[in-house]
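Residue-level structure breakdown
Chain by chain, the residues run as shown.
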Amino acid sequence: MGFVHLFWGFLFLIDIRINQFDILPDVIGYVLFFLGFVRLERRSSHFRSAKTVSVTLIILSVVTLILELSPPTSWLFMFLYQAVVFILNLYMVFHICYGIGDMAGRKGHRAFQNKAVQRWRWFLAVIAATFVVMLIAPLVPGLAIVLALALMIASVCIHVLMMLLMQEAEHVLRR
């Protein structure tokens, strides 16, 4: 149906690095999201909206790969760049969750509809907390390190929960 692509897309958004090399490149995740949205866009306008932003995220993830080769020295530039990526990710995940909610609501699966909306709220909370930590990092580096470690764990957890939601959507929302 398309949720399998979204499942794998979320996996590639988990940031796992070995010697600064991202072993799960975001660009692959965004391409998988795009492919999933192509298959789902007839089922909800939310997936059409998410498809549009996934193209922008594909482009930005390629730019990110280039920036990683020679990172800019400006903290402000990287902060603003990451803020744009965070906002676009939020927009995309909002439309994923609400698209699932639309489909579930039309099929009378109210509990699953509520679950999709709740996952969106959790995702929003983790991203917002990450953004705040980025803001305070230069001011309070010691605290930022502790919070960053906690947020890394929370980020992996929410991505796994989103993957589980995609897996469940694939089964619950079949024709």
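Look a little higher up for the structure.
As a starting point, this report considers the structure included with it. (Residues numbered from 1 in each chain as written. Predicted model: local features only at pLDDT ≥ 70, side-chain atom pairs only at ≥ 80, totals over all residues. Heavy atoms only, no water.)

1. Focus on the overall build of the protein
Using the following cut-off: Per the convention used, a helix needs a DSSP run of H or I reaching at least four residues, while a strand needs a run of E reaching at least two, with both numbered from the N terminus. Only C-alpha atoms enter the radius of gyration; for comparison, a globular chain is expected to reach 2.2 Å times N to the power 0.38, where N is the number of residues. Between buried and exposed lies partly exposed: a residue is buried under 20% and exposed over 50% of the maximum accessible area for its type, with that area taken using a 1.4 Å probe on protein chains only. Here the open area of atoms and residues is found with the Shrake-Rupley method and a 1.4 Å probe, where only the protein chains shown may cover a residue.
Counting its regular elements, the protein contains six helices and two strands. In terms of overall dimensions, the protein is globule-like: its C-alpha atoms have a radius of gyration of 17 Å, near the 16 Å expected for 175 residues. Classification of the 175 residues of the protein by burial places 42% in the buried group. Entry remark: accessible area of the protein is about 9400 Å², with carbon and sulfur atoms responsible for 71%.

2. A short note on the layout of surface pockets
The following threshold applies: Definitions used for this entry: grid spacing 1 Å over protein atoms alone; cavity, a set of points where a 1.4 Å probe fits but cannot get out; pocket, an open set with protein on both sides within 12 Å along at least 5 of 7 lines; lining residue, one with an atom within 4 Å of a point. Grid points are joined across faces, edges and corners, and a volume is the space filled by probe spheres set on the points. Here the term charged refers only to Asp, Glu, Lys and Arg, the term nonpolar to Ala, Val, Leu, Ile, Met, Phe, Trp, Tyr, Cys and Pro, and the term polar to all other amino acids, Gly among them.
Taken as a whole, the largest pocket spans an internal volume of roughly 1600 Å³. If you go around the largest pocket, you meet 42 residues; those closest to its centre are Asp-15, Arg-17, Gln-82, Phe-86 and Thr-130. Elements represented by at least two residues in the lining of the largest pocket include exactly α2 (26–40), α3 (45–69), α4 (75–106), α5 (110–136) and α6 (141–172). Tallying contributions element by element places α4 first for the lining of the largest pocket, with eight residues. Of the residues in the lining of the largest pocket, the class split is 29 nonpolar, eight polar and five charged.

3. Quick look at the pattern of salt bridges
Think of it this way: side chains of opposite charge can pair up when their charged atoms draw near. Formally: Salt bridge, as applied in this entry: a Lys or Arg side-chain nitrogen positioned within 4 Å of an Asp or Glu carboxyl oxygen.
Enumeration according to the criterion identifies two salt bridges in this entry. In this structure, the salt-bridge partner of Glu-41 is Lys-51, at a minimum N-O distance of 3.0 Å. Taken together, the positions of Glu-41 in the loop between α2 and α3 and Lys-51 in helix α3 put the pair 10 residues apart, joining distant regions of the chain. The closest approach of N and O atoms between Glu-168 and Lys-115, which form a salt bridge, is 2.7 Å. Linking Glu-168 in helix α6 with Lys-115 in helix α5, this pair joins segments that are 53 residues apart in sequence. Accessibility expressed as a relative area gives 27% for Glu-168, which makes it partly exposed.

4. A short note on α2
Put simply, the rule is: Helix span, expected: 1.5 Å multiplied by one less than the number of residues in the helix.
Between the first and last C-alpha of α2 there are 21 Å, a value that for 15 residues agrees with the 21 Å anticipated at 1.5 Å per step. Within α2, the full set of buried residues consists of Val-27, Gly-29, Tyr-30, Leu-32, Phe-33, Gly-36, Phe-37 and Leu-40.

5. Thoughts on the packing of aromatic side chains
Let me state the cut-off plainly: Only rings of Phe, Tyr and Trp enter the pairing, Trp through its six-membered ring, and a pair is recorded when the two centres are within 6.5 Å. The plane angle decides the type: under 30 degrees is stacked, over 60 is edge-to-face, the rest tilted.
Inspection of the entire model under this criterion finds 10 aromatic pairs. For the pair Phe-33 and Phe-37, a centre-to-centre distance of 6.0 Å together with 15° between the ring planes defines the contact as stacked. Here Phe-37 and Phe-33 lie together in helix α2, a separation of four residues that amounts to about one turn. Summarising the burial analysis for this pair, Phe-33 and Phe-37 share the class buried. Judged by centre distance (6.1 Å) and plane angle (20°), the ring pair of Phe-77 and Tyr-81 falls under stacked. You can see Phe-77 and its partner Tyr-81 sitting in helix α4, four residues apart, about one turn around the helix. Classification of Tyr-81 as buried rests on a relative accessible area of 10%. An aromatic cluster is defined as three or more aromatic residues linked by ring pairs; in this entry it consists of Phe-3, Phe-10, Tyr-30, Phe-33, Phe-37 and Phe-47.

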